Amino acid sequence: MGEVSTPHVLLGLLAGGSRHGYELKRAHDERLPRARPLAFGQVYATLGRLERDGLVATAGQDRVAGPDRTAYALTDQGRDTLDQWLSTVEPPMPYVASTLFAKVVVALLVADVDRARSYLIAQRAAHTARLRELTAVKTDPSATLSDVVAADFAIAHLDADLRWLHATLGRVADWHREVHP
Amino acid sequence: MTQLQARGVVRAYGPTPALRGVTLDLAEGEIVAVTGPSGCGKSTLLHCLAGILRPDAGEVTWRGHRIDTWSEAARSRLRRTEFGVLFQFGQLVAELTAAENVALPLLLAGTGRREARTAAFTWLERFGVAEVADVRPGEMSGGQQQRCATARALVTEPRVLFADEPTGALDTLTGEQVLTQLVRLAREQRTAVVLVTHEPRIAAYADREIVLRDGLVDHTGLGLDVPLAGGAR
Ligand SMILES: Nc1ncnc2c1ncn2[C@@H]1O[C@H](COP(=O)(O)OP(=O)(O)OP(=O)(O)O)[C@@H](O)[C@H]1O
Ligand SMILES: [Mg+2]
């Protein structure tokens, strides 16, 4: 799965008006509820780089100076960059870059078919358990649409992995024969 | 507390064995998924549990009473009062409107007309299809029909809902919406659900999964075939 572009997300969160670093962190975690929460350090480091590149500018400071007292605003250049990012289609799966996939390949290379098979079975069990957790998030009566949409994203990807795991379990013996002729 | 039990249930269709000795318990308010490959006996098991089919051998017990030996009339009464049934294709009554379809199980159970109609509207609303209340199934989309059928299956607040691939004919989003709502409402009113499906993402709605293979329980659990390595999630 692709890495999230934190700089662009922060630019997006600033599009509605200037904000402090801690407000940005809070808005990020609220809008992207299933994402890895942003660390404060990461927010300030990213803001620093965005400022250096002219994409954001400080928009006033409280009396006591310090990074957490500074509000940031989008510059015109920042707005253009954000706009460009939003109009660019992401390349759909340019590479099969998945640890899960690589692990099965390596297991087949270095060990017998049972090693790969037991890994596939264990991984399928872990995926199924996670699928159940995320489904419970969704069916909780207090779930917001943000929760549901974020959980659905993860569920759809887990489901795709599960189908692949299942299909590959059925092919792993033949595959091993191909790898070790 | 266990309310529905199957003990060594065997059932064949002529020479074809469908169930070869299935034992399971269903607790009050529990949501259980029954999964397994095509032809493994899921639908046959659901029909035996719901008292629609009679097993050739073994027992089905409802709250301490053996129901597999009951007459068709007695089992049919049990289905009307305690159970709800939902299939892949809603099977609404073609001559009745959506509201009349949903009100029907209540009327059969002796509820007054006005009260049944009010409840029907409430349930149609819960599944987002109040706007087709006065429409007959022939003029509804497949998704609307299935939402109505789901409302009809829950309107009597049954103790157990038997659902066989209830979202199998729906697109992904509609299926997810119907199932999310079904599970929320079932939990709210403590209706137990037997959910037959072959899809992992549908089975994930259940508290527990029973996997059938060739007419037998292959394994049961939280969908975990083997323990997680190192407790990693
Ligand atoms: N009415 C019938 N007459 C004859 N054989 C039947 C009948 N219904 C089911 N069977 C057979 O009984 C076995 C179990 O069928 P069942 O419908 O219970 O499977 P299932 O798990 O629900 O499959 P699917 O996922 O395809 O719906 C199969 O071998 C099937 O061919
Ligand atoms: Mg079936």
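So, how was this worked out
- Throughout this document, residue positions are counted from 1 along each chain, in the order its sequence is written.
- The lettering of chains begins at A and the numbering of ligands begins at 1, in the order of writing.
- Residue-level local features of this predicted model are given only where pLDDT is at least 70; pairs of side-chain atoms are given and counted only at 80 or more, and the full residue set underlies all totals for whole chains, interfaces and linings.
- Heavy atoms from the whole structure form the basis of all side-chain values; hydrogens and water molecules are not counted.
- Secondary structure counts use DSSP, requiring at least four H or I residues in a row for a helix and at least two E residues in a row for a strand, with both numbered from the N terminus.
- Radius of gyration: over C-alpha atoms. The globule rule applied is 2.2 Å multiplied by the number of residues raised to the 0.38 power.
- To sort residues, take the accessible area from a 1.4 Å probe on protein chains only and compare it with the maximum for the residue type: under 20% means buried, over 50% means exposed, and anything in between is partly exposed.
- For this analysis, residues touch if any pair of their heavy atoms sits within 4.5 Å.
- Only the protein chains shown count as cover for residues, and all accessible areas are computed by the Shrake-Rupley method using a 1.4 Å probe.
- Asp and Glu count as negative and Lys and Arg as positive, but His and the ends of the chain are not part of the count.
- To locate a charge, the coordinates of NZ of Lys, CZ of Arg, CG of Asp or CD of Glu are taken.
- Two strands qualify as a pair provided that DSSP identifies no fewer than 2 bridges between them.
- Only the stretch in contact is used when fitting a helix axis, every axis being a line fitted to C-alpha atoms; angles between N-to-C directions are given from 0 to 180 degrees.
- Only residues above 30% relative accessible area that lack a salt bridge enter a patch, with like-charged residues linked at up to 9 Å and the nonpolar side chains Val, Leu, Ile, Met, Phe, Trp and Tyr linked at up to 5 Å.
- Here, a salt bridge means any side-chain nitrogen of Lys or Arg that lies within 4 Å of a carboxyl oxygen of Asp or Glu.
- Domain boundaries shown here were taken from an automatic or database domain assignment.
- Summed over both partners, the accessible area (1.4 Å probe) lost when two parts come together is defined as the buried area.
- Side-chain atoms alone can form a polar contact between residues adjacent in sequence; in general such a contact is a pair of N or O atoms within 3.5 Å, and within protein one must be able to donate a hydrogen while the other accepts it.
- For each residue, the test is whether any non-hydrogen atom lies within 4 Å of the molecule or strand; if one does, the residue is near.
- For Phe, Tyr and Trp, where Trp contributes only its six-membered ring, two rings pair if their centres lie within 6.5 Å, and the inter-plane angle classes them as stacked under 30 degrees, edge-to-face over 60, or tilted in between.
- Geometrically, a lysine NZ or arginine CZ counts as sitting over a ring once it is within 6 Å of the ring centre and also within 35 degrees of the ring normal.
- Just so you know how the angles are binned, under 35 degrees is roughly parallel, over 145 roughly antiparallel, 65 to 115 roughly perpendicular, and the rest oblique.
- Under this grouping Gly is polar, as are all residues other than the nonpolar Ala, Val, Leu, Ile, Met, Phe, Trp, Tyr, Cys and Pro and the charged Asp, Glu, Lys and Arg.

## Observations regarding the overall build of chain A
- The helix and strand inventory of chain A stands at 7 helices and 3 strands.
- Going from the N terminus to the C terminus, chain A shows its helices and strands as α-β-α-α-β-β-α-α-α-α.
- Relative to the globule expectation of 16 Å for 181 residues, the C-alpha radius of gyration of chain A, 22 Å, shows a markedly less compact shape.
- Dimensions of chain A along its principal axes, counting C-alpha atoms only, are 70 × 40 × 30 Å.
- In chain A, which comprises 181 residues, the share counted as buried stands at 34%.
- Of the contacts formed within chain A by residues at least 6 apart in sequence, a portion of 59% connects residues at least 24 apart.
- For chain A, the computed accessible surface area is about 11,000 Å², with 56% contributed by carbon and sulfur atoms.
- If the 21 positive side-chain charges of chain A are averaged to one point and the 22 negative ones to another, these points end up 5 Å apart.

## Some details on the environment of aspartate 159 of chain A
- Summarising the element assignment, aspartate 159 of chain A is placed in helix H7 (residues 145-179).
- Between the C-alpha atom of aspartate 159 of chain A and that of histidine 127 of chain A, which follows or precedes it by 32 residues, the distance is 8.3 Å.

## Topic: the sheet that holds strand S4 (residues 57-62) of chain B
All names here are of chain B.
- Ordered by their spatial adjacency, 4 strands build an open sheet running S2-S1-S4-S5, and the pairing between neighbours is antiparallel. Only two strands of the sheet have a single neighbouring strand rather than two, namely strand S2 (16-27) and strand S5 (65-66).
- Inspection of the sheet shows strand S1 (residues 2-13) paired to S2 by 9 bridges, in the antiparallel sense. Paired with arginine 11 across the strands is leucine 19, a residue of S2.
- Taken strand by strand, helix H1 (residues 42-49) contacts S1, S2 and S4, and its axis lies near 55 degrees from that of S2.

## Things to note about a nonpolar patch on the surface
- Together, Met93, Val96 and Phe101 of chain A make up an exposed nonpolar region whose accessible area comes to about 330 Å².
- Here valine 96 of chain A is to be found in the loop between helix H4 (76-87) and helix H5 (99-110).

## Quick notes on the domain arrangement of chain B
Residues and elements named next belong to chain B.
- Its domain assignment divides chain B into domain 1 (2-82 + 158-223) and domain 2 (89-141).
- Between the C-alpha centres of domain 1 and domain 2 there is a distance of 24 Å.
- In this complex, domain 1 contributes 7 residues to the contact, which on the side of domain 2 involves 5 residues.
- At the boundary of domain 1 with domain 2, total buried surface from both sides reaches about 550 Å², with 74% on carbon and sulfur atoms.
- Ranking the residues of domain 1 by area buried against domain 2 places Arg80, Gln181 and Leu185 at the top, with a combined share of 61%.
- Inspection of the region where domain 1 meets domain 2 yields 0 salt bridges.
- Counting the contacts that link domain 1 with domain 2 gives 1 residue pair in polar contact (both at pLDDT 80 or more).
- Examining the composition of the side of domain 1 that touches domain 2, we find that 5 residues originate from one element, helix H6 (residues 172-189), more than from any other.

## Focus on the pairing of strand S3 (residues 31-35) of chain B
Residues and elements named next belong to chain B.
- Taking burial as the measure, the 5 residues of S3 include 5 buried ones, the bulk of the element.
- Where burial is concerned, the two faces of S3 agree: the one with Ile31, Ala33 and Thr35 and the one with Val32 and Val34 are both buried.
- Examined bridge by bridge, S3 and strand S8 (residues 192-196) share 4 bridges and lie parallel to one another. Residue pairing in the sheet places valine 34 in a bridge with valine 196 of S8.
- Pairing of S3 with strand S9 (residues 208-213) involves 4 bridges; the strand directions are parallel. Within S9, the position partnered with threonine 35 by the bridge is valine 211.

## Side note on the site of ligand 1
Residue and element names in this part refer to chain B.
- In the vicinity of ligand 1, the contacting residues are Tyr13, Thr16, Ala18, Pro37, Ser38, Gly39, Cys40, Gly41, Lys42, Ser43 and Thr44.
- Backbone polar atom of glycine 39 to an oxygen atom of ligand 1: 2.8 Å apart, as the coordinates give it.
- Between ligand 1 and cysteine 40 there is a distance of 3.3 Å, counted from an oxygen atom to a backbone nitrogen or oxygen.
- Contact with the protein chains removes 58% of the 630 Å² of surface that ligand 1 exposes when unbound.
- Per-element tally for the shell around ligand 1: the top contributor is H1, with 3 residues.

## As for the packing of aromatic side chains
Residues and elements named next belong to chain B.
- With the rule as written, the count across this model stands at 4 aromatic pairs over all chains.
- Here the aromatic rings of tryptophan 62 and phenylalanine 83 are separated by 5.1 Å at their centres, their planes lie at 90 degrees, and the arrangement is edge-to-face. In this pair, tryptophan 62 is assigned in strand S4 and phenylalanine 83 in strand S6 (residues 83-86), connecting sequence segments 21 residues apart.
- Take phenylalanine 83: its relative accessible area is 3%, and that puts it in the buried class.
- Sitting over the ring of tyrosine 13, arginine 11 keeps its end group 5.2 Å from the ring centre.

## Overview of the packing of helix H1 (residues 6-14) of chain A against helix H2 (residues 21-31) of chain A
Residue and element names in this part refer to chain A.
- In the contact formed by H1 and H2, the axes pass within 10 Å of each other and the chain directions differ by 105 degrees. For the element pair H1 / H2, the angle class is roughly perpendicular. Judged by residue contacts, Val9, Leu10, Leu13 and Leu14 of H1 engage Leu24, Ala27, His28 and Arg31 from H2.
- Residues of the contact of H1 with H2, tallied by class, amount to 6 nonpolar, 1 polar and 1 charged.

## Here's the deal with the domain arrangement of chain A
- The domains assigned to chain A are domain 1 (6-87) and domain 2 (99-179).
- Placing a centre on the C-alpha atoms of domain 1 of chain A and another on those of domain 2 of chain A gives a separation of 35 Å.

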